[in-house]
Amino acid sequence: MSLDQNMKMLIIGLGNLSGNMRPCYEGFLGENMKTNVIAIKATENRLEEKRREFGFEICVGSTLEVLKRQRPDVIFTSPPPREVPKTTEECLIPYYQLLREEGAEFPLLLNFAPDPSASYFYDMLGEDIFAVNILPNTRSHVEHIHCASVSYNYVTFDERHPWDNEKTDFLKRFLSPKGNYLECRKDEVFPMLSIKTVGTMCFDMCCQISDVLAERGEELSIKDIASCMRRIHRDRLEHPGENPYPCEIDDIPAEYVPFVRASILSFYDGHLDYARDAGIQPPTDTLSTHFKMDLQLLSAQLQSREKIEGSIPTRATKGGVLELTMKLYNDECRELYSDAFRTFLDTGVIDEDFFARWRSLSYHLVDRVVEHSKRLSK
């Protein structure tokens with residue numbers, strides 16, 4: 001098995017995710033990408049466009065035949081979940097059986113989805129294979145700023161089958177263009193994904209503060225509110241990681257800081273409470289709660305409100321977790337939060353009861369999104 005720039009890779013499912021991961025395989029292979037990667041598409045839709053875009057061979061169907069011809073060192077799978085059983089039974093099982101009969105080495109099977117788990121592939125293909133689930137960070141840049149340093153790729157092995165150092169070192173190097181490497185257990189995946197999703201609502205908090213001030217004829221940019229939130233949030237952590245872009249508390253007037261501080265810390269604490277109740281251990285609990293929020297606030301610093309809100313329709317899949325998160329926040333949190341800020345502006349007093357409730361609401365948002373995620377995976 002070759003795990004260097006000469007490795008061969010087969011991509012099963014050339015969709016948005018596998019395209020987004022191009023910095024990983026192109027960064028690893030360099031010029032060899034054009035000759036050492038083959039991708040499989042399910043249909044001919046945009047086939048010629050994709051061939052021009054990527055520059056490597058792209059086939060429609062014929063996965064088993066391509067496997068036999070390519071003999072990949074790494075198989076990258078990201079087909080629609082409903083297609084996984086068919087691909088496994090019709091293509092992967094006979095291919096792995098062929099390799100077993102030949103006494104050949106097995107490729108690394110990288111499944112870029114939370115479900116099915118790595119255990120599924122061991123159960124279907126044999127105990128002697130190498131499979132892993134990866135939930136990659138899909139955003140390594142915000143505008144011109146490289147932000148992989150505040151992003152994590154979640155990696156989940158079958159606990160019965162840990163990989164040796166050579167293979168895990170390859171995985172770390174391969175994923176590094178998209179962010180840091182974080183191993184997590186299978187039962188941690190849905191809580192961590194849900195925490196990431198609910199964490200995006202800190203952008204809405206910035207917008208609401210700006211909007212309430214606008215009602216009173218005062219102007220405060222979302223960029224500056226996000227900068228203040230990021231600085232407060234990062235300052236509370238012992239190891240906040242590299243900071244890809246400046247952020248300062250005094251980017252907003254001092255009289256608003258107590259409310260902003262209480263807002264972001266109580267919202268974060270609700271996430272952290274849930275992570276710990278879900279059995280996510282330190283330091284994973286902090287890493288899984290902090291960095292998505294930091295990335296979302298970084299986006300609010302660097303991008304216009306119109307651009308962020310305009311991207312939501314493409315990110316919020318109908319019936320998906322982001323759509324549910326936004327609905328729950330709009331129905332149960334938005335008016336409450338705006339009213340709390342209005343009261344603070346009138347009184348100058350931090351309402352401890354409100355922020356205790358805000359922390360609890362944060363917790364329960366995550367809980368409900370977790371349950372929705374589990375239903376979607378069935």
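Residues numbered from 1 in each chain as written. Predicted model: local features only at pLDDT ≥ 70, side-chain atom pairs only at ≥ 80, totals over all residues. Heavy atoms only, no water.

(A) The arrangement of the overall build of the chain in detail. Check the secondary structure of the chain and you find 17 helices and 10 strands. Relative to the globule expectation of 21 Å for 378 residues, the C-alpha radius of gyration of the chain, 23 Å, shows essentially globular dimensions. If one aligns the C-alpha atoms of the chain with their principal axes, the spans along those axes are about 75 × 40 × 35 Å. Buried residues in the chain amount to 54% of all 378 residues. Put simply, of all contacts in the chain between residues at least 6 apart along the chain, 72% involve residues at least 24 apart. Total accessible area computed for the chain in this model is approximately 16,900 Å², and 48% of it derives from carbon and sulfur atoms. Between the mean site of the 45 positive side-chain charges and the mean site of the 60 negative ones, the chain shows a separation of 4 Å. (Helix = DSSP H or I, 4+ residues; strand = E, 2+ residues; numbered from the N terminus. Rg over C-alpha atoms; globule rule 2.2 N^0.38 Å. Buried < 20%, exposed > 50% of the residue type's maximum accessible area, 1.4 Å probe, protein only. Contact = heavy atoms within 4.5 Å. Areas by Shrake-Rupley, 256 points an atom, 1.4 Å probe, with all protein chains shown as cover. Lys, Arg positive; Asp, Glu negative; His and termini not counted. Charge placed at Lys NZ, Arg CZ, Asp CG, Glu CD.)

(B) Highlighting the pairing of strand β3 (residues 57–60). The pairing of strand β2 (residues 37–41) with β3 spans four bridges and is classified as parallel. Within β3, the position partnered with K41 by the bridge is V60. Taken together, β2, helix α4 (residues 47–54) and β3 form a β-α-β motif whose crossover is right-handed. (Pairing = 2+ DSSP bridges. Right-handed = clockwise from strand over helix to strand, strands pointing away.)

(C) Summary view of the pattern of salt bridges. On inspection of all chains with the given rule, the structure shows 28 salt bridges. Across the pair E49 and R46 runs a salt bridge, and its minimum N-O distance is 2.7 Å. Residue D158 is joined to R160 by a salt bridge in which the shortest nitrogen-to-oxygen separation is 2.6 Å. For D158, a relative accessible area of 3% translates into the label buried. Overall, the relative accessible area of 48% leaves R160 in the partly exposed class. Among the charged side chains, a salt-bridge network with shared partners connects R236, D269, D273 and R359. (Salt bridge = Lys/Arg side-chain N within 4 Å of Asp/Glu carboxyl O.)

(D) Layout of the sheet that holds strand β5 (residues 108–111). Within the open sheet, the eight strands sit side by side as β3-β2-β1-β4-β5-β6-β9-β10. Their pairing is mixed. The open sheet has two edge strands with one neighbour each: β3 and β10 (180–183). Across the sheet, the mean angle from the axis of one strand to that of its neighbour is 25 degrees, orientation sign disregarded. Where strand β1 (residues 9–12) lies against strand β4 (residues 74–77), four bridges are found, and the strand directions are parallel. The residue bridging I12 from the neighbouring strand is T77, located in β4. Helix α7 (residues 118–125) contacts β5, β6 (130–135) and β9 (152–157) of the sheet and is inclined by roughly 155 degrees relative to β6. (Axes fitted to C-alpha atoms, helices over the stretch in contact; angles between N-to-C directions.)

(E) A look at the environment of L98. Tracing the backbone through its elements, the reader meets L98 in helix α6 (residues 84–102). L98 sits 30 residues away from K68 along the chain, and the two C-alpha atoms are 8.8 Å apart. Leaving out residues up to four positions away in the same chain, L98 has contacts with K68 and R71.

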